[in-house]
Amino acid sequence: SETEKIYIAAMLRKQLGDAAREEGIEVIEDDDPAPVVNTNNNNNAYAAWTNNYWKRMSPFEELVEVFTELVCAAQECIRELCGGERSSASLRDVRRCVDVFRWFGKHFHQNRQPTERWSRADFFSVAQGARRVVRKAVILSIAYCYHARLPRRERNVLVEKVTDAWRALQVTTYNYGGYGGYGGYGGYGGYGVQGGGNNNNRTRRGNNHGRGAATTY
């Protein structure tokens, strides 16, 4: 439900923000909502852009947005596979997912290659040099908390649901220069989503009637 999604987003924002602050980073939150825009087709997307309805989210806020959408998709998939039982996926799972994400951040930092120059502070603030490993940690966290609990025959259902949630975050825009795009989750944990890598694919706010934001995370 939308109410649960709002609660999960607030929960993720607080927990991820606390993790960043533990590393001495004060996160930049996006507290200036854009007007509601229907982005169901390219004409509306173009109109939204040219009428300045699009905005650039901070990397931290985009992490919260994307993580929320993928977690909600996983939660609902688990419930569907369990015959609609709401208790089969709860806020405890969300908390566990963030805890695992934080563990992966520390683990990847301890085991990074000599050529990798990112710090733990870079990871938790979603700095440019750490974004690849942040994406990897998001997917592995969801896989650990949701994918691994399912029988093998049901795992592909979850992969499809999470993939669809990622694709629903994409909107075609026009090349006005600038924001490099998200680049996708391809190749991590079986979630073979290819999302961008150029200026024609942007992550947007996570519902079809939502805030539509051109982003960089």
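In this report, we go over the structure that sits alongside the text.

Cut-off values and rules
- Residues numbered from 1 in each chain as written.
- Predicted model: local features only at pLDDT ≥ 70, side-chain atom pairs only at ≥ 80, totals over all residues.
- Heavy atoms only, no water.
- Helix = DSSP H or I, 4+ residues; strand = E, 2+ residues; numbered from the N terminus.
- Contact = heavy atoms within 4.5 Å.
- Areas by Shrake-Rupley, 256 points an atom, 1.4 Å probe, with all protein chains shown as cover.
- Phe/Tyr/Trp six-rings, centres within 6.5 Å; stacked < 30°, edge-to-face > 60°.
- Buried < 20%, exposed > 50% of the residue type's maximum accessible area, 1.4 Å probe, protein only.
- Polar contact = N/O pair within 3.5 Å; in protein donor to acceptor, adjacent residues only side chain to side chain.
- Expected span 1.5 Å × (residues − 1).
- Axes fitted to C-alpha atoms, helices over the stretch in contact; angles between N-to-C directions.
- Parallel < 35°, antiparallel > 145°, perpendicular 65-115°, else oblique.
- Left-handed = near helix turned anticlockwise from the far one by under 90°.

### Considering the overall build of the protein chain
Move 1: A tally of helices and strands in the protein chain yields seven helices and two strands.
Move 2: Moving toward the C terminus, one meets the helices and strands of the protein chain in the order α-α-α-α-α-α-α-β-β.
Move 3: Sequence separation of at least 24 residues holds for 73% of the intrachain contacts in the protein chain that already meet a minimum separation of 6.
Move 4: Carbon and sulfur atoms make up 47% of the accessible area of the protein chain, which totals about 10,600 Å².

### Comments concerning the packing of aromatic side chains
Move 1: Scanning the model with the defined rule gives six aromatic pairs in all.
Move 2: Each ring, one from tryptophan 118 and one from phenylalanine 123, has its centre 6.1 Å from the other, and the planes form 35°; the classification is tilted. Here tryptophan 118 matches phenylalanine 123 in class, with each residue buried.
Move 3: Taken together, Phe67, Phe101, Trp118, Phe123 and Phe124 form an aromatic cluster joined through their ring pairs.

### Side note on the environment of tryptophan 118
Move 1: Take tryptophan 118: it is sitting in the loop between helix H4 (91-110) and helix H5 (120-124).
Move 2: It is 9.6 Å that separates the C-alpha atoms of tryptophan 118 and valine 133, two residues lying 15 residues apart in sequence.
Move 3: Discounting chain neighbours no more than four positions away, the residues touching tryptophan 118 are Gly105, Phe108, His109, Arg112, Phe123, Gly129, Ala130 and Val133.
Move 4: At 3.0 Å, the side chain of tryptophan 118 and the side chain of glutamate 116 are in polar contact.

### Topic: the environment of leucine 140
Move 1: The topology assignment puts leucine 140 in helix H6 (residues 131-145).
Move 2: Overall, the relative accessible area of 24% leaves leucine 140 in the partly exposed class.
Move 3: As for leucine 140 and valine 100, which are separated by 40 residues in sequence, their C-alpha atoms are 8.5 Å apart.
Move 4: Ignoring any residue separated from it by four or fewer positions in sequence, one finds leucine 140 in contact with Phe104 and Phe108.

### Section: helix H1 (residues 2-22)
Move 1: Relative to the 30 Å expected for 21 residues at 1.5 Å per residue, H1 spans 30 Å between its end C-alpha atoms, a close match to the ideal helical length.
Move 2: Regarding H1, the residues found buried are Glu4, Lys5, Ile8, Ala9, Met11, Leu12, Gln15, Leu16, Gly17, Ala19 and Ala20.
Move 3: Each element contacted by the buried residues of H1 is listed here: helix H3 (59-81), H4 and H5.
Move 4: Just downstream of H1 lies glycine 24, where phi reads positive at about 80°.

### Side note on the environment of glutamate 26
Move 1: Inspection of the secondary structure assignment puts glutamate 26 in the loop between H1 and helix H2 (42-50).
Move 2: For the pair formed by glutamate 26 and serine 125, sequence separation is 99 residues and the distance between their alpha carbons is 8.2 Å.

### Focus: the packing of H3 against H4
Any two packed helices are characterised by how steeply their axes cross, that is the angle between the axes, and by the distance between the axes.
Move 1: The contact between H3 and H4 brings their axes to 11 Å, and the two run at 130°. Classed by the angle they form, the pair H3 and H4 counts as oblique. Here H3 runs over H4; the crossing is right-handed. Contacts from Leu63, Phe67, Val71 and Gln75 in H3 reach Asp93, Val94, Cys97 and Phe101 in H4.

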